[in-house]
Amino acid sequence: MGGCGAWWLLTPSTRRPCRPQLPARPAGCRGHIFQQPQGMLLPWSPPCKVLCRSCAVMGKLQSKLKHSTYKYSRPDGIVEERIQTKACQEYSPAHVDTVSVVAALSSDLCVSGGKDKTAVAYDWKTGNVVRRFRGHEREITKIACVHRSSQFFSASRDRMVMMWDLHGPSQPRQQFSGHAMVVTGLAVSPDSSQLCTGSRDNTLLLWDVGTGQCAETASISRNLVTHLCWVPQEPYILQTSEDKTIRLWDSRGLQVAHIFPTKQHIQTYCEVSEDGHKCISCSNGFGGEGCEATLWDLRQTRNRICEYKGHFQTVTSCVFLPRALALMPTIATSSHDCKVKIWNQDTGACLFTLSLDGSGPLTSLAVGDTVSLLCASFSRGIHLLRVDYSQGLALREVAAF
């Protein structure tokens, strides 16, 4: 039987599968069996879609549309709803390959990087590439933007970190070389004078941005860094690791100030709230095992506050949403299961799920402005998402680039 559900015919002479031309069902025929020419008796079935080149093209066109609304029950009994949306706009693509990371540079510009080794500044409100930055020799893994500035940093599998200026020359303003393996963590201090980088080589390096010199080095066995985030207005750096540990570092000497309770799965990402009072981390997993985000108290107690469970595959990114996006404190998560979820920060309840069908695994999530999110994906570039209150809290895809 063919992949699209059509019957195959084994001819007596060749006994090889072929695609027969099914004749129309005879008028007045009430039965389900009729004689195929030089073949076997086969059930009658109406014409079906054939997996040919033209259908593949149609599939690409149709993939720009959202699938119909339907509800389905998960194994844990929670009912989720997939919402039909209008066809989103297809902007000029930012990249020619998988996008690994996206970050907001301003209220209308984002910077992204991926397997094409290029950092791209993009105006997501007009759908235009502002500038491309080339210098890395391998995939870009992390982007960190300097607050209220035109400058940003990019990290790569080539073990290098580069500093760029949107209005500067085509060459990087500064280069930071010191890691022995892929750079997987990147965080800029609130005053932009220091840069902290982490790697799979188990080390954290603290750099002087002005001179490009390494000021401090710290190494912990098996501490394979997955993400770094600087705590606003504080000298502390939050770090997640493949050893399932979340660490808080004091940049004054680059010493571990606190270790949070060890999780059961690899911690893939972390984010700190604007007031510096809370942080969230997320984990890898499969089939619903793991695949959660966790809210932590960064103040005196540093206890776990809440968990957000509902994804079926690795959660790759988690962000605090601006209060303007909802009437209550909320967070958003993205996952390899192609879904973006909005959660009630206080109760852990899932408020909305958007399934980006055809996107492949989602790799990164960033807040664009007070009503928009930017989500990077494996197969369809970057998705522009917008919060919609016309029929209650909802998240819609409005463009892709």
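These figures come from a predicted structure and were not determined experimentally. (Residues numbered from 1 in each chain as written. Predicted model: local features only at pLDDT ≥ 70, side-chain atom pairs only at ≥ 80, totals over all residues. Heavy atoms only, no water.)

### A look at the overall build of the protein
Secondary structure assignment for the protein yields 1 helix and 37 strands. Within the protein, the proportion of its 401 residues that are buried is 51%. Long-range contacts, defined here as pairs at least 24 residues apart, represent 41% of the contacts in the protein between residues at least 6 apart. Working note: accessible area of the protein is about 19,300 Å², and carbon and sulfur atoms make up 51% of it. (Helix = DSSP H or I, 4+ residues; strand = E, 2+ residues; numbered from the N terminus. Buried < 20%, exposed > 50% of the residue type's maximum accessible area, 1.4 Å probe, protein only. Contact = heavy atoms within 4.5 Å. Areas by Shrake-Rupley, 256 points an atom, 1.4 Å probe, with all protein chains shown as cover.)

### What to know about the sheet that holds strand 35 (residues 372–377)
One open sheet holds the 5 strands; their spatial order is 7-37-36-35-34, and the pairing between them is mixed. Every interior strand has two partners, whereas the edge strands, strand 7 (89–90) and strand 34 (362–369), have only one. Pairing analysis gives 2 bridges linking strand 7 to strand 37 (residues 394–400), with the strands arranged parallel. For Glu90, the partnering residue across the bridge sits in strand 37 and is Ala400. (Pairing = 2+ DSSP bridges.)

### A short note on the packing of aromatic side chains
Remark: the centre distance and the inter-plane angle together describe each pair of aromatic rings, the angle taken between the planes. Under the counting rule described, the total for this entry stands at 8 aromatic pairs. One aromatic cluster is present, built from ring pairs that chain together Tyr91, Tyr122 and Phe401. (Phe/Tyr/Trp six-rings, centres within 6.5 Å; stacked < 30°, edge-to-face > 60°.)

### Let's talk about the pattern of salt bridges
A full pass over the atoms with the stated rule returns 14 salt bridges. Residues Arg304 and Glu307 are paired through a salt bridge, measuring 3.4 Å at the closest nitrogen-oxygen approach. Residue Arg304 is classed as exposed on the basis of its relative accessible area, which comes to 52%. Judged by its relative accessible area of 22%, Glu307 is partly exposed. Shared partners join several salt bridges into a network, and the residues in it are Lys263, Glu292, Arg304, Glu307 and Lys309. (Salt bridge = Lys/Arg side-chain N within 4 Å of Asp/Glu carboxyl O.)

### Section: the UniProt feature "repeat: WD" (unreviewed entry) in the protein
When the UniProt feature table is mapped onto this chain, "repeat: WD" (unreviewed entry) is found at residues 133–166, 176–217, 225–250 and 308–353. When the span residues 133–166 is considered, its composition is 0% helix and 59% strand, and the gap between its end C-alpha atoms is 9 Å. Across residues 225–250 one finds 0% helix and 65% strand; the C-alpha atoms that close the span lie 16 Å apart. (UniProt positions renumbered as here; feature names shortened; annotations may be inferred.)

### Focus: the side chain of Lys341
Tracing the backbone shows Lys341 in strand 32 (residues 339–344). Within the local environment of Lys341, its side chain forms a polar contact with the side chain of Thr353, the two groups lying 2.8 Å apart. (Polar contact = N/O pair within 3.5 Å; in protein donor to acceptor, adjacent residues only side chain to side chain.)

### What to know about the pairing of strand 33 (residues 350–355)
In this structure, strand 32 lies alongside strand 33, joined through 5 bridges in antiparallel fashion. Its bridge partner being in strand 33, Ile342 is matched across the sheet by Phe352. Counting the residues that bridge the hairpin from strand 32 to strand 33 gives 5 residues, and of these Gly348 lies at a positive phi of roughly 85°.

### Regarding the nonpolar core
Among the nonpolar cores identified, the biggest contains 16 residues, and Val340, Leu356, Leu373, Cys375, Leu385 and Leu395 are the most heavily contacted of them. Contributing elements (two or more residues each) for this core: strand 32, strand 33, strand 34, strand 35, strand 36 (382–388) and strand 37. Leave out the neighbours within four places in its chain, and Leu385 touches Val340, Leu354, Leu356, Val371, Ser372, Leu373, Cys375, Leu395, Arg396 and Glu397. Judged by nonpolar contacts, the second largest core, of 15 residues, contains Cys110, Tyr122, Ala399 and Phe401. (Core = buried A, V, L, I, M, F, W, Y, C linked by side-chain atoms within 4.5 Å.)

### Here's the deal with the confidence of the model for the protein
Of all residues in the protein, 78% attain a pLDDT of 70 or more, and the chain-wide mean is 83. With pLDDT under 50 throughout, residues 1–79 is counted as low confidence; its partners more than four residues away or in other chains account for 99 contacts. Note that residues 81–85 has pLDDT below 50 and, in this model, 20 contacts with residues that lie over four places away or in other chains. (pLDDT = per-residue confidence, 0-100.)

### Re the sheet that holds strand 9 (residues 109–114)
In spatial order, the strands read 8-9-10-11; together these 4 strands make up an open sheet with antiparallel pairing. Where the open sheet ends on each side, the last strands, each with one partner, are strand 8 (99–104) and strand 11 (128–134). Sheet twist, expressed as the average angle between the axes of neighbouring strands with direction ignored, equals 20°. Direction of pairing for strand 8 relative to strand 9: antiparallel, over a ladder of 5 bridges. The residue of strand 9 that forms the bridge with Ala103 is Val111. (Axes fitted to C-alpha atoms, helices over the stretch in contact; angles between N-to-C directions.)

### Considerations on the pairing of strand 19 (residues 214–219)
Consecutive residues of a regular strand have side chains that alternate between opposite faces of the sheet. Relative to strand 19, strand 18 (residues 203–208) is paired through 5 bridges, and the arrangement is antiparallel. Of the residues in strand 19, the one forming a bridge with Leu204 is Ala218. Between the end of strand 18 and the start of strand 19, which pair antiparallel, lie 5 residues, with Gly212 showing a positive phi angle near 80°.

### Topic: the environment of Val96
Examined against the element boundaries, Val96 turns out to sit in the loop between strand 7 and strand 8. Overall, the relative accessible area of 79% leaves Val96 in the exposed class.

### Things to note about the side chain of Asp165
With respect to the secondary-structure elements, Asp165 resides in strand 14 (residues 160–165). At 2.9 Å, the side chain of Asp165 forms a polar contact with the backbone nitrogen of His167. Residues within four places of Asp165 in sequence aside, it is in contact with Arg131, Phe133, Ser150, Gln151 and Arg173.

### A short note on the environment of Arg157
Relative to the assigned elements, Arg157 resides in the loop between strand 13 (151–156) and strand 14. It is 9.7 Å that separates the C-alpha atoms of Arg157 and Lys115, two residues lying 42 residues apart in sequence.

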